[in-house]
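# Overview (structure and organization)
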Amino acid sequence: MTHLARTYPQAKIVGLCHGFGEIYSIAKILGLQDREQLTFEIPGVNHFVWLTNAYYQGEPLYPLLDRWIETESERYWAEAQTHGSLRPKQIDLYRRFGVLPIGDTGSEGGGSWGWWYHTDEQTQRRWQEDPEGWWRGYFQATESGVAEMKRISEDTSTRVTEHYPAEHSHESIIPLIESLACDIPRVLIVNVQNTGEYVPGIPRDFAVEVPAHVSKRGIDAIQTHALPAGPLNYALRDCVAPWNLELAAYSSRSRQALLDVILMDPWTTSEKQARALLEEMLNLPQHTALREYYQ
């Protein structure tokens, strides 16, 4: 989104990510079942968003979360067998910054931020983190799911709806298209350029994830409350800065700039390690075009 909006400022474009939907899983854990009664604000940049405000039936959500942490969290963590919401790391980040990380911000995937929860296996066990297992399950589910979709789509003797019920998935792309085409006003979470300083402190030429009014008149982003200093400055350092460098590498086709992106990463321990990683990625069989593009 950042690259497209900078390159084609006249274009009407929007990005979508469903990571914000974790708020509904969190609400269920807290015993709140009616998603229509839940309102929230989850600003940030893509895959780095935080719950700054949330209400259920007009009542603030955070006091409910605080009570859950005090009375239910230890039992929940002891009994939970799979990756899920409101894990120890996520709650620790909430205690640290006063706002809850949502989606990949606090999950084992999405780069496993913050890295201090992942410095070694012992630390990860302490926080009940298993990124390798998370990604293994993700790719296995994706591979089997795609194979199943392909099999069903090629079977002309059966209807797709016999395998996939005709019900709302809660993915936002359909409501967004419906709102634009049929003039059904909604507030949806979108990724747009921060031209109106919708997330204070993020550069105006950088894409942010914010709520927006969507209707036939278009997509009007809503200015959100400012992120606390911690999440905002981590966003600038761990998202905005490296993504800008990555886009500069793409625009210049510079292999050296790609190396600089890796050197900026906190997991990098030496230039030798960074060069080895870059060469390994460029030499993967499926990356022929990548090798030819970056000089």
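Going by the structure above, here's the rest.
To keep things clear, this report deals only with the structure shown in the data block. (Residues numbered from 1 in each chain as written. Predicted model: local features only at pLDDT ≥ 70, side-chain atom pairs only at ≥ 80, totals over all residues. Heavy atoms only, no water.)

### Digging into the overall build of the protein chain
What counts is decided by this rule: To qualify as a helix, a DSSP run of H or I must reach at least 4 residues; to qualify as a strand, a run of E must reach at least 2; elements of each kind are numbered from the N terminus. The globule rule used for comparison is 2.2 Å times the number of residues to the exponent 0.38, while the radius of gyration itself is calculated over C-alpha atoms. Type-normalised accessible area, obtained with a 1.4 Å probe on protein chains alone, sets the label of each residue: buried when under 20%, exposed when over 50%, and partly exposed for intermediate values. Contacts are assigned to residue pairs with any non-hydrogen atoms lying within 4.5 Å of each other. All accessibility values rest on the Shrake-Rupley procedure with a 1.4 Å probe; residue burial counts only the protein chains present in the view. Here Asp and Glu are counted as negative and Lys and Arg as positive; His is not counted, and neither are the chain ends. Charged groups are reduced to one reference atom each: NZ for lysine, CZ for arginine, CG for aspartic acid, CD for glutamic acid.
Counting its regular elements, the protein chain contains 12 helices and nine strands. The C-alpha radius of gyration computed for the protein chain amounts to 21 Å, which stays within 12% of the reference 19 Å derived for 295 residues, consistent with globular compactness. Each principal axis of the C-alpha distribution contributes one length, and for the protein chain these read about 55 × 50 × 50 Å. Expressed as a percentage of its 295 residues, the buried residues of the protein chain come to 38%. Partitioning the contacts of the protein chain with sequence separation of at least 6, the portion at a separation of at least 24 is 56%. When the accessible surface of the protein chain is split by element, carbon and sulfur atoms take 54% of a total near 17,200 Å². A gap of 3 Å separates the mean positions of the 26 positive and 39 negative side-chain charges of the protein chain.

### Topic: helix H9 (residues 229–252)
For clarity, the threshold we go by: One less than the number of residues in a helix, times 1.5 Å, gives the span that helix is expected to have. Fitting axes to the seven residues ending at a residue and to the seven starting there, one defines the bend at that residue as the angle between these axes.
Taking 1.5 Å per residue as the helical rise, H9 with its 24 residues ought to reach 34 Å, and the 33 Å between its terminal C-alpha atoms agrees with that figure. A bend of about 35 degrees at Leu236 is the largest found in H9. Those residues of H9 lying buried are Pro231, Leu232, Ala235, Asp238, Cys239, Val240, Pro242 and Ala249. Lining the buried residues of H9 we find strand E2 (44–45), strand E3 (48–51), helix H5 (88–97) and helix H10 (255–264). One or two residues past the end of H9 sits Arg253, with phi positive at roughly 60 degrees.

### Some details on the sheet that holds strand E4 (residues 53–56)
Here is the rule: Two strands are counted as paired when DSSP detects at least two bridges linking them.
Judged by pairing direction, the sheet is antiparallel, and its three strands sit side by side in the order E1-E4-E5 without closing on themselves. Bordering the open sheet on either side are strand E1 (38–41) and strand E5 (59–60), each of which pairs with just one other strand. Where E4 lies against E5, two bridges are found, and the strand directions are antiparallel. Along E5, the bridge assignment pairs Tyr55 with Pro60.

### A look at the side chain of Asp92
Relative to the assigned elements, Asp92 resides in helix H5. Setting aside chain neighbours within four positions, we find Asp92 in contact with Tyr117 and Trp127.

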